[in-house]
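The primary structure of each chain is shown beneath.
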Amino acid sequence: MAELLRTHPLEAWTSAFERLPDTVRITVEPFVATVDVRLGAVGPEVRTHLGVDLPTAPNTWVPADAGRAVWLGPDEWLLSSTTETPEELEARVRAAVLPLGGSATDVSAQRIGLRLTGARVRDVLAKGCSIDLHPRVFGRGSSAQTSLGQAGVVLLALSDAGDDHVVLVRSSFAGYLADWLLDAALEFTTTPDR
Amino acid sequence: MSTPFRTPAGGRIDRATTLQFTFDGLGFTGHPGDTLASALLAAGRHQVATSIKLGRPRGIAAAWAEDPGGLVQVEEPFPEPMLLASTVELFDGLVAHGLPGQGRLADVPDSARYDAVHHHVDVLVVGAGPAGLTAALTAARAGARVALVDEQSEAGGSLLSGTDRIDGVPALEWVSNAVAELARHPEVLHLQRTTAFGVYDDGFALALERRTDHLGAAAPKEVSRQRVWRLRARSIVTATGAHERPVVFADNDRPGTMLAGAARTFLHRYGVLPGREAVVFTTNDSAYDAALDLHRAGVRVQAVVEARPEAPPHRREECERAGIRVLPGAVVTGTQGVERVTHALVAPFSDGQVGTSSAVACDVLLVSGGWNPAVHLFSQARGRLRYDEGLGAFVPGEEVDGLSVAGSAAGVLDLAGCLADGQRVARETLSALAIDPAADDRLPSAPEPVAPTAPLVLWRVPDTSGAEGATQFVDLQRDATVADIARAVGAGLRSIEHVKRYTTIGTAHDQGKTSGVLTSGITAELLGVPVRDTGTTTFRPPYTPVAFAALAGRDRGSLFDPERVTALHQWHVAAGAVFEDVGQWKRPRYYPEPGEDMEAAVLRECAAARTGVGILDGSTLGKIDVQGPDAAVLLDRLYTNLISSLKVGSVRYGVMCGVDGMVIDDGTVLRLAEDRFLVLTTTGGAAKILDWMEEWVQTEWPDLRVHCTSVTEQWVTFPVVGPRSRDVVGALFPDVNVSNEAFPFMTWRDTSLEGVPVRLARISFSGELAFEVYVSPWYAVAVWQRLLEAGRPYGITPYGTETMHVLRAEKGYPIIGQDTDGTVTPHDLGMAWAVSKKKPDFVGKRSFARQANQDPRRKQLVGLLPVDRQTVLPEGSQIVEFLADGELPPPPVPMLGHVTSSYRSAELARPFALALVKGGRERIGDTVHVPVNGTLVPVEVTGSVLVDPEGARRDG
């Protein structure tokens, strides 16, 4: 038997994304192993056990080895890894945080990621996101759990120029959000379908 | 049509371009920069409509949103009712007609786009007149993030209507420089054609930008027609100007009667004369500018009727030099004419007494009763208003956090004062935000005004017509008069809010912009109390009407509500599934084969699951990962049954109740480890139950060492159901011993497929032998297809939610939310077995001891079998019973309960239903009746389990 094929919920949107101008570039992020980490108090022992620092400043994310650690709440993080399988990551992180009274749950497939780049991305996001995305306020390393359109998302700023973001969205809302983004980007599309 | 009233030059219009438009079926011309009102006036047309109740002719009475007269319906390019001719920007091809107070909504969908944008600033300035522009410049120069919004097509505010000079140059040159400077500041958002219509808590304001309305049919389709700006400002400066107030007199609604300032706007901004012969009636200094400007433009000003005993000396001199007659101590008592004013009736006036009227010929009557600061946004922000005796108007009466008022909106009525006020307020605002003003921030200069003479506060002229105020119009839109206010006061109403509702004054599209303060004044006069005691009615958003389409924005059509889909959605679509909405989810309801209707498809799908094998996409089930040393403790407290005794590798069905003991959700629990469970909820209960768990953990039991994480979309779930399911699952997962002995009912096993982890669970929602297959959605399509391949020899049949419902109902499995309604206990559902008697406590336990919960007459879940073996009872049908004599009891016939689920059963070869029936279990074997389409259908009450009550099938 052939190896099991993976399918992405936004496969059908690929060509629509490709038609977008450079000012509003949407690309689907590769699948990545991700765990939801819960931990009451974060001290220096976390780095010892986990090998990475979990950010403690609200609404931030930090690079973590070959992935990211995203602050979701005072006792909750998303921790991703591009070098491990979901099972490996969950097992490693769970083993690390259990002695600290924490927990870890594989949520790799719970969300998909979209990379939004370009000069008009902030204008597109502003059509459906009520938080302040000005680069002075939401620069690289910022994150937020917020709404985009009517979808709950985790938003990460990747640049200090406000032109590079990652949006994590529940897989079941991916199609809605893709449609919403394409609709919001319409006025910045140089060759609109008429 | 010719434009005899267009001036030969001047105005902010593009005379090189001519626009064609149609009004009331007649062709007209105008220019870019015109409004519909100015273009009609250029043709000499004042009357626009007739009034809503009395059918009286009504015309253009003001130059912007305060106009109570010029109501129109636009027909082309798209039908839109209840617009003002004075705010509709002219474009080529406009088709409109006058409206008698009511319009017509389009009967075709609006194809224009409407959208919204969120924007954050330090300072929001509302109004780009002299005060607003100065405030915006001061804030921008300081480096603040600024939004400046203004409702007109260009900046300038009152400067557009006059001949002022600022910094030694024509004011509009200064405006143009200011706008250019603002454009150079990267942190300034400057929006024209944008009305801030609502101010809410914490610096939140809504503004409507009319982006392409003025382009008519030429508007680009990809650009939104209107945009709602959702502005969040650390501080708001409102520099919204002032509305001129009319004076009420008899027949003051006659077309040709217009606010004096509006006439000046039409002249200077649009290059239009309001008439040839004018009478100007005023109580204050400002109308002299209109009289003198019109005179210079060639209008014959017949008289300035000055209500004060003496005209201001310098104004009188200016008029004398121009040859304009000034009549001090006089008022206009009425008008003559039919569809247009022909004469103003002028009478001496002193100490409130009116003398004998004489008629003065005119074709336009200009009125000024003073100025009302536009305090709407301040009042919306809960700012208290103060009555200013000198102005005869309400002004901001207190400081409001985060919102300041500048310029004439604050009662400053001269240009130099407005410029200074704009800068002062902006600097105070910056100071409060800890932003330093720029060193080069300079105050623009304007000539010092001649000290004004105090205005006379005159709400209405005593009625000498004999009509007792019945033709003295206060609110032209509502045809409401002084007589109506007198009637309200006579009926005993004292509160201005009550007078408003009794008379309907201020409730039309203009929301009382001209009539509101007049009503306060006239009511106070009639009651003999000071105006400050009467006050005003509450100002509420929106300041001007906003279309629902604009508020809806992009949340319409397929974006109205998010459509959630599973990883298999594209497969379902390709398979021809008919979908149903389950909350936000799109779930396949059934998969019709060619020629099948729903009934045939569902009977086929049911038969496959009962006799062969079926497969369902059950991925929408809620899933919660519960981890921690106290995970079992938490679940013991939330489920009615015991969970902690569950062994790792096993599954248990559980019921959750609210604190009232009523069922809120049900589902299965898989024990993954000593300290880890996978909790399955209903599709609709997923978010609610996670919140429920978090609420208890965070607020009541923070000592529990447990964490709950949603994994609803981390796993797809495919129940493989039917006598041949073991063959299918065994074939695809050969390393799993699927025998009943090795893999018994209510257990789970982990395995893998091509290295991909897969979890199998012996859970059945149909009563049949069944295996639920759990896998990551990344592999959903591949695993589903492998299952279909493995099942092909057995005729594996995908089935949808309808078949799932039939199968579960045949087994008497309730759907929480369909067979229950928040008043149903586990005992009512026949699930006393799922309520632990051993546990010391759990949520809902206390309520089970209540007497009402022990009542044998409670509604209980039972089965119903229509005796005719034909009728599918409509869900929701009422259930009644005959008296002993075989007759129905007299109405109202007591209701025993209602049908909660009803289907046709392939297995039973007849329809059946589930129902909540009073004392239902005692009635098993009885015949009761269900009214269906006027006929009473006899039905037999049965137990709720109609198929395989022994449970013989679940192990295959």
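Residues numbered from 1 in each chain as written. Chains lettered and ligands numbered in written order. Predicted model: local features only at pLDDT ≥ 70, side-chain atom pairs only at ≥ 80, totals over all residues.

> Just to check I follow, could you spell out the overall build of chain A for this structure?
When helices and strands are tallied, chain A shows five helices and ten strands. By the compact-globule yardstick of 16 Å for 194 residues, chain A fits well, its C-alpha radius of gyration being 17 Å. Dimensions of chain A along its principal axes, counting C-alpha atoms only, are 60 × 55 × 25 Å. Nonlocal contacts in chain A, meaning residues at least 24 apart in sequence, comprise 59% of its contacts between residues at least 6 apart. (Helix = DSSP H or I, 4+ residues; strand = E, 2+ residues; numbered from the N terminus. Rg over C-alpha atoms; globule rule 2.2 N^0.38 Å. Contact = placed C-beta atoms within 7 Å.)

> For this particular structure, what's the right way to read the overall build of chain B?
Scanning chain B from N- to C-terminus turns up 22 helices and 50 strands. Here the C-alpha radius of gyration of chain B, 38 Å, is well above what a compact globule of 956 residues would show, namely 30 Å. With the C-alpha coordinates aligned to their principal axes, the bounding extent of chain B is approximately 115 × 75 × 55 Å. For chain B, with 956 residues in total, the buried portion stands at 55%. The long-range fraction of contacts in chain B, counting pairs at least 24 apart against all pairs at least 6 apart in sequence, stands at 66%. (Buried ≥ 20, exposed ≤ 12 C-beta atoms within 10 Å, placed from the backbone.)

> Looking at this model, I keep getting lost on the sheet that holds strand β46 (residues 878–879) of chain B. Mind explaining?
Working definition: the strands of a sheet are paired by backbone hydrogen bonds and lie parallel or antiparallel to each other. All names here are of chain B. Within the open sheet, the six strands sit side by side as β46-β47-β48-β45-β50-β49. Their pairing is antiparallel. Unpaired on one side and paired on the other, β46 and β49 (927–932) mark the two borders of the sheet. Relative to strand β48 (residues 910–918), strand β45 (residues 859–866) runs antiparallel, the two being bridged by six bridges. Note on β48: the bridge partner recorded for L864 is A913. Against the sheet, helix α20 (residues 801–810) makes contact with β47 (897–905) and β48, and its axis sits at roughly 110° relative to β47, the strand it touches most. (Pairing = 2+ DSSP bridges. Axes fitted to C-alpha atoms, helices over the stretch in contact; angles between N-to-C directions.)

> What is the right way to look at the nonpolar core in this model?
Soluble globular proteins tend to pack their nonpolar side chains together in the buried interior. The biggest cluster of nonpolar side chains holds 232 residues, and the ones touching the most others in it are V280(B) and L366(B). In terms of nonpolar packing, the next biggest core, distinct from the first, is built from 107 residues, A567(B), V613(B), L690(B) and W778(B) among them. (Core = buried A, V, L, I, M, F, W, Y, C linked by C-beta atoms within 7 Å.)

> What am I meant to see in the domain arrangement of chain A here?
Accessible area lost during the coming together of the parts is what is often quoted as the interface size. Residues and elements named next belong to chain A. Entries for chain A in the domain assignment read domain 1 (11–30 + 110–188) and domain 2 (33–106). Taken over C-alpha atoms, the centre of domain 1 sits 24 Å from the centre of domain 2. On the domain 2 side, the residues contacting the seven residues of domain 1 number eight residues. Looking at the side of domain 1 that touches domain 2, the elements with two or more residues in it are β8 (143–148) and β9 (151–157). (Domains from an automatic or database assignment.)

> Before we go on, may I ask you to explain the pairing of strand β15 (residues 226–238) of chain B in this structure?
Two faces belong to every sheet, and in a regular strand the side chains alternate between them. Residue and element names in this part refer to chain B. The element β15 is extensively covered by neighbouring structure, given that ten of its 13 residues are classed as buried. Across twelve bridges, strand β8 (residues 114–126) lies against β15 in parallel orientation. Each residue of the ladder has a partner; that of H120, found in β15, is R232. Bridge count for strand β14 (residues 204–210) against β15 is seven bridges, and the pairing is antiparallel.

> Looking at this model, I keep getting lost on the domain arrangement of chain B. Mind explaining?
Residues and elements named next belong to chain B. For chain B, the assigned domains read domain 1 (1–110), domain 2 (112–243 + 371–434), domain 3 (466–534), domain 4 (569–619 + 715–808), domain 5 (622–710) and domain 6 (855–956). Taken over C-alpha atoms, the centre of domain 1 sits 26 Å from the centre of domain 2. Contacts between domain 1 and domain 2 engage ten residues on the former and ten residues on the latter. Considering only residue class, the side of domain 1 that touches domain 2 consists of four nonpolar, one polar and five charged. (Nonpolar A, V, L, I, M, F, W, Y, C, P; charged D, E, K, R; others polar.)

> Help me out: how do you make sense of the packing of helix α15 (residues 598–611) of chain B against α20(B) in this one?
When two helices pack together, their arrangement is given by the angle between the helix axes and the distance between those axes. Residues and elements named next belong to chain B. Close contact between α15 and α20 brings their axes to 9 Å; oriented N to C, the two are set at 60°. With respect to α20, the axis of α15 lies oblique. Between α15 and α20 lies a crossing of right-handed hand. Contacts between α15 and α20 pair M598, V602, E605, C606 and A609 from the former with E802, T803, V806 and L807 from the latter. Across the contact of α15 with α20, the residue classes tally to six nonpolar, one polar and two charged. (Parallel < 35°, antiparallel > 145°, perpendicular 65-115°, else oblique. Left-handed = near helix turned anticlockwise from the far one by under 90°.)

> Looking at this structure, how should I read α15(B)?
One full turn of an α-helix is made of 3.6 residues, so residues set three or four places apart face in the same direction. Helix length check: α15(B), at 14 residues, gives a terminal C-alpha distance of 20 Å against a target of 20 Å (1.5 Å per residue), a fit within 8%. The set of residues buried in α15(B) consists of A601(B), V602(B), E605(B), C606(B), A608(B), A609(B) and R610(B). (Expected span 1.5 Å × (residues − 1).)

> Explain the environment of L458(B) to me, please; I cannot follow it from the model alone.
All names here are of chain B. Tracing the backbone shows L458 in the loop between α8 (415–432) and β30 (473–475). On the basis of neighbour count, L458 is assigned to the buried category, with 23 C-beta atoms found within 10 Å. Sequence separation of L458 and Q152 is 306 residues, and the distance between their C-alpha atoms is 30 Å. Setting aside residues up to four positions removed in sequence, L458 forms contacts with V247, T283, A307 and G369.

> Where do I start with the sheet that holds strand β5 (residues 76–81) of chain A in this structure?
Residues and elements named next belong to chain A. The strand order across the open sheet built from five strands is β3-β4-β5-β2-β6, with neighbouring strands paired in antiparallel fashion. Looking at the sheet topology across the chains shown, the edges are occupied by β3 (61–64) and β6 (103–106). Across the sheet, the mean angle from the axis of one strand to that of its neighbour is 25°, orientation sign disregarded. In this structure, β3 lies alongside strand β4 (residues 67–73), joined through four bridges in antiparallel fashion. Note that in β4 the partner of V62 across the bridge is A69. Lying over the sheet, helix α3 (residues 86–97) contacts β2 (33–38), β5 and β6, oriented at roughly 175° with respect to β6.

> Please clarify how the packing of helix α4 (residues 260–270) of chain B against helix α5 (residues 287–296) of chain B should be interpreted in this entry.
Residue and element names in this part refer to chain B. Packing of α4 against α5 leaves a shortest axis separation of 8 Å and a crossing angle of 40°. Viewed along their axes, α4 and α5 adopt a mutual orientation that is oblique. Crossing of α4 over α5 shows left-handed handedness. Within the contact between the two elements, α4 uses A260, G261, A263, R264 and L267 and α5 uses A287, D289, A290, D293 and L294. Considering only residue class, the contact of α4 with α5 consists of six nonpolar, one polar and three charged.

> What should I look at first to understand the interface of chain B and chain A in this one?
Each side of the interface is counted separately: chain B has 40 residues, and chain A has 40 residues. Those elements that provide at least two residues to the side of chain B that touches chain A are β8, β35 (622–627), β39 (707–710), β42 (756–761) and α19 (780–791) of chain B. The leading source of residues in the side of chain B that touches chain A is β8(B), at six residues.

> Explanation requested: unusual backbone geometry in the structure shown.
In terms of backbone geometry, most residues other than glycine have negative phi values and most peptide bonds are trans. Residue and element names in this part refer to chain B. That bond from P541 to P542 is cis: its omega, -5°, falls within 30 degrees of zero. By the secondary structure assignment, P542 is in the loop between α12 (531–534) and α13 (548–552). Cis peptide bonds are those with omega within 30 degrees of zero, and the linkage from P891 to P892 qualifies with -5°. Looking at where P892 falls in the secondary structure, it is placed in the loop between β46 and β47. One non-glycine residue with positive phi stands out, namely R382, at about 75°. Inspection of the secondary structure puts R382 in the loop between α7 (376–380) and β27 (385–388). Exposure remark for R382: the 13 C-beta atoms within 10 Å place this residue in the partly exposed category. Of note in this structure, N933 is not a glycine but carries a positive phi near 50°.

> In this structure, what is going on with the environment of L690(B)? I would like to understand it.
Mapped onto the elements of the fold, L690(B) is located in helix α17 (residues 686–700). When the C-alpha atoms of L690(B) and G352(B) are compared, they prove to be 73 Å apart, with 338 residues separating the residues in sequence.

> How should I be thinking about the confidence of the model for chain B in this particular structure?
Of the residues in chain B, 100% have a pLDDT of 70 or more, and the chain-wide mean is 96. Listed scores for the predicted complex are pTM 0.94 and ipTM 0.96. (pLDDT = per-residue confidence, 0-100.)

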